[in-house]
Amino acid sequence: MAKDNVVEGAPKKKGKFKKLLLIGVAAVALIGAGAGAGIYFGALQAHEAKPEDKYPKLVVRSEEDAEPAAEGDDKEAPPKVGTVSVPNDKFKVDPRKYEITYYPITDSFTTNLADGSGFLQIGISLSTFYDGKVINNIKRQAVPIRSVVLMVLAEQDPALLSTSQGKQRLQRQLTAAINDVLREKEGFGGIDNVYFTSLVIQ
């Protein structure tokens, strides 16, 4: 009987060992999966752009009166250029402190005027004090920008456009309309002004 008890107890020990082994393997797998997920999500957060990095930055104006290079040295001192983060695109910009970039819209705009008496054809160039992200946003949103410019032009009164005040008003309207498109589509405007490169009223 004693032998039977020993023989019967042996399989029970093997069963317990298998259960413990399975529990141990499962625990190691869970810990490994948790660690892997932690590393993966940590890497994702490290690669995500910081909030201030996703918006354009103001470009500081280079110093034109840089110190002259030492005698016999052919190289000029590099201009000091940097960028400044801003809280939003409605930040008041001092034009004396920041570089301005002009971006010409290659195709002109032609539309009928509001009273139906003629048409307006203009070419425009946009200006910004912000870095290349604004230009990239303009290129990416070229279709909605073109659409909104045509809509603003179609509402113009030809008598008003013949005056300099009317042209300045149109500049402000186009600037606001383009910034609205950029804010809606990209989260940041950044256009300082719209300049006419050509303007024909007939």
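Worth saying up front: this structure is predicted, and the values here are computed from it rather than measured.

Draft legend 1. Main features of the overall build of the chain. From N to C terminus, the chain includes 6 helices and 6 strands. Along the chain, from the amino end to the carboxyl end, the secondary structure elements read α-α-β-β-β-β-β-α-α-α-α-β. Every one of the 202 residues in the chain was classed for burial, and the buried ones make up 26%. Of the contacts made within the chain by residues no fewer than 6 positions apart, 71% connect residues no fewer than 24 positions apart.

Draft legend 2. The arrangement of the pattern of salt bridges in detail. On inspection of all chains with the given rule, the structure shows 3 salt bridges. Where Arg96 meets Asp94, a salt bridge forms, and the shortest distance between an N and an O atom there is 3.1 Å. Among the residues examined, Arg96 registers a relative accessible area of 67% and is labelled exposed. Its salt-bridge partner being Glu186, residue Arg140 comes within 2.9 Å of it at the nearest N-O pair. Remark: Glu186 occurs in helix 6 (residues 164–186) and Arg140 occurs in helix 3 (residues 132–140); sequence separation between them is 46 residues.

Draft legend 3. Representation of the nonpolar core in the model. Ranked by size, the top nonpolar core spans 31 residues in total, and within it Ile124, Leu126, Ile138, Val149, Leu153, Leu174 and Ile178 carry the most contacts. Residue assignment for this core shows that the elements contributing at least two residues are strand 5 (119–128), helix 3, helix 4 (142–154) and helix 6. For this core, the element with the highest residue contribution is helix 6, accounting for 6 residues. For Leu126, the contacting residues outside a window of four places in its chain are Thr101, Tyr102, Tyr103, Ile105, Ile138, Ile178, Ile191, Asn193 and Val194.

Draft legend 4. Quick look at the environment of Thr106. By the element assignment, Thr106 lies in the loop between strand 3 (101–104) and strand 4 (109–112). On the accessibility criterion, Thr106 (76% relative accessible area) is exposed. Taking the C-alpha atoms as reference points, Thr106 and Gly123, separated by 17 residues in sequence, lie 7.8 Å from one another.

Draft legend 5. Structural view of the packing of aromatic side chains. Tallied over the full model, the rule gives 3 aromatic pairs. Where Tyr102 meets Tyr195, the ring centres are 5.8 Å apart and the plane angle is 65°; that geometry is what we call edge-to-face. Here Tyr195 lies in strand 6 (residues 193–201) and Tyr102 lies in strand 3, a separation of 93 residues in the sequence. Of the residues examined, Tyr195 reaches a relative accessible area of 30% and is grouped as partly exposed. Ring geometry for Tyr130 against Phe188: centres 5.0 Å apart, planes inclined by 80°, an arrangement best described as edge-to-face. Highlighted residues: Tyr130 in the loop between strand 5 and helix 3 and Phe188 in the loop between helix 6 and strand 6, separated in sequence by 58 residues. Grouping residues by exposure puts Tyr130 and Phe188 together as buried. Among the aromatic residues, ring-to-ring pairing joins Tyr55, Tyr130 and Phe188 into one connected group. Cation over ring: Arg146 sits above Phe109, and NZ or CZ is 4.2 Å from the ring centre.

Criteria and cut-off values
- Residues numbered from 1 in each chain as written.
- Predicted model: local features only at pLDDT ≥ 70, side-chain atom pairs only at ≥ 80, totals over all residues.
- Heavy atoms only, no water.
- Helix = DSSP H or I, 4+ residues; strand = E, 2+ residues; numbered from the N terminus.
- Buried < 20%, exposed > 50% of the residue type's maximum accessible area, 1.4 Å probe, protein only.
- Contact = heavy atoms within 4.5 Å.
- Salt bridge = Lys/Arg side-chain N within 4 Å of Asp/Glu carboxyl O.
- Core = buried A, V, L, I, M, F, W, Y, C linked by side-chain atoms within 4.5 Å.
- Phe/Tyr/Trp six-rings, centres within 6.5 Å; stacked < 30°, edge-to-face > 60°.
- Lys NZ or Arg CZ within 6 Å of the ring centre and 35° of its normal.

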